[in-house]
Amino acid sequence: MSVVGVCEDEPALRSVLTRALRAMGHDPVVVATAAEALRAFAKQRPTVMMLDIGLPDADGRDLCLALRAAGVDAPVLFLTARDGLHDKIAGFEAGGDDYLTKPFELDELRVRLDALLRRTPAPVAADPDGAVLDPARHALVVGETEVPLTPTEFRLLGRLMAEPSTVVRRHALVAAAWPHGAIVSDNTLDSYVRRIRKKLEPLDLAAIGTVRGVGYRWR
Ligand code: CA
């Protein structure tokens, strides 16, 4: 039996999914908001997660980045009513693994879930200082301190924190933080990183390393 985390704000779809997942032999953990998902999934550690993109308190893709940054690394299946190419690309860049456009057949859901369940991601350690990203407020929270971030800064930091101790290449950072197809100069990326570093200074978090000519690294 696999724990399947579901974050979906439509009550009718929530109950259909709960019943369907139980019938498939899974153990669903079902929540309605991004804030609940961060709490519940960090504790229950689902094997796979299904995240609605249009949530009441956050964009599901920002929730995905925040979960990844918190070390919750189970594969993600995004649920969305929109089916534009732009949304799909942005979903994958946020760390999603697959996409399901509403309305969908339960048989299709079963096949896609089974494919994701066959993957076993490498575990990511939680941040040593307990820094977590809050997708609803676009903020980095460390203990009692909240550092507000712009949406772009949030996505940049989320992409870095999802792979601690790993150099994230410049193009991957641009793809995660800016709209698909945006032209972003090296100077722009560097100045965003400088701004984030400045915001982290009061926390004594010198956590973003530079790898010249390649990219940046979280810790
Ligand atoms: Ca929704």
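Keep in mind the model is a prediction, meaning the values are calculated, not measured. (Residues numbered from 1 in each chain as written. Predicted model: local features only at pLDDT ≥ 70, side-chain atom pairs only at ≥ 80, totals over all residues. Heavy atoms only, no water.)

Caption draft 1: Highlighting the sheet that holds strand β6 (residues 132-134). Read across the sheet, 3 strands follow the order β6-β7-β8 without closing on themselves; strand pairing throughout is antiparallel. With one partner strand each, in any of the chains shown, β6 and β8 (145-148) form the two edges of the open sheet. Sheet twist, expressed as the average angle between the axes of neighbouring strands with direction ignored, equals 30 degrees. In this structure, β6 lies alongside strand β7 (residues 139-142), joined through 3 bridges in antiparallel fashion. When the bridges of β7 are listed, Val-132 appears paired with Val-141. (Pairing = 2+ DSSP bridges. Helix = DSSP H or I, 4+ residues; strand = E, 2+ residues; numbered from the N terminus. Axes fitted to C-alpha atoms, helices over the stretch in contact; angles between N-to-C directions.)

Caption draft 2: Geometry of the coordination of the calcium ion. Bound to the calcium ion on the protein side are Asp-9 (OD), Asp-52 (OD) and Gly-54 (O), at distances that span 2.2 to 2.4 Å. Between the donor residues of the calcium ion, the gaps in sequence give the motif D-x42-D-x1-G. Here the residue Asp-9 occupies a position in the loop between β1 (3-7) and α1 (11-23), and Asp-52 occupies one in strand β3 (residues 48-52), the gap between them amounting to 43 residues. (Donors = N, O, S within 2.8 Å, 3.2 Å for Na, K, Ca; no water.)

Caption draft 3: Spotlight on the sheet that holds strand β4 (residues 76-80). The strand order β2-β1-β3-β4-β5 describes an open sheet built from 5 strands, whose pairing is parallel. Across the chains shown, the open sheet's two edge strands, defined by having one partner strand only, are β2 (27-31) and β5 (98-101). Taken over all neighbouring pairs, the strand axes of this sheet differ in orientation by 20 degrees on average, direction set aside. Lying on the sheet, α1 is in contact with β1, β2, β3 and β4; it crosses β2 at an angle near 165 degrees. Sitting on the sheet, helix α2 (residues 34-44) touches β1, β2 and β3, and the angle it makes with β2 is about 150 degrees. (Contact = heavy atoms within 4.5 Å.)

Caption draft 4: Broad picture of helix α8 (residues 186-200). Helix length check: α8 (15 residues) gives 21 Å between terminal C-alpha atoms against 21 Å at 1.5 Å per residue, within 8%. Taken together, the buried positions of α8 are Leu-189, Asp-190, Tyr-192, Val-193, Ile-196 and Leu-200. All buried residues of α8 lie within an arc of 160 degrees about the axis, which places them on one face of the element. Of the exposed residues in α8, those oriented more than 90 degrees away from the buried face are Asn-187, Arg-194 and Lys-198. (Expected span 1.5 Å × (residues − 1). Buried < 20%, exposed > 50% of the residue type's maximum accessible area, 1.4 Å probe, protein only. Arc of directions from axis to C-beta.)

Caption draft 5: Spotlight on the packing of helix α3 (residues 60-69) against helix α6 (residues 151-161). Orientation of α3 relative to α6, taken along the N-to-C sense of each, is 35 degrees, at an axis distance of 8 Å. In terms of crossing hand, the pair formed by α3 and α6 is left-handed. Judged by residue contacts, Asp-62, Leu-65, Ala-66, Arg-68 and Ala-69 of α3 engage Phe-154, Arg-155, Gly-158, Arg-159 and Met-161 from α6. Looking at the contact of α3 with α6, its residues break down into 5 nonpolar, 1 polar and 4 charged. (Left-handed = near helix turned anticlockwise from the far one by under 90°. Nonpolar A, V, L, I, M, F, W, Y, C, P; charged D, E, K, R; others polar.)

Caption draft 6: Up close: the packing of aromatic side chains. Per the stated rule, a full pass over the model turns up 2 aromatic pairs. Between Phe-78 and Tyr-99, the aromatic rings sit 6.0 Å apart at their centres with planes inclined by 50 degrees, giving tilted as the arrangement. Of this pair, Phe-78 sits in strand β4 while Tyr-99 sits in strand β5, and the two are 21 residues apart along the sequence. Over the ring of Tyr-192 we find Arg-195, and its NZ or CZ is 4.5 Å from the ring centre. (Phe/Tyr/Trp six-rings, centres within 6.5 Å; stacked < 30°, edge-to-face > 60°. Lys NZ or Arg CZ within 6 Å of the ring centre and 35° of its normal.)

Caption draft 7: Quick look at the environment of Pro-103. Position of Pro-103 relative to the elements: it lies in the loop between β5 and α5 (106-117). When its relative accessible area of 81% is taken as the criterion, Pro-103 is described as exposed. Taking the C-alpha atoms as reference, Pro-103 lies 19 Å from His-86; in sequence the two are 17 residues apart.

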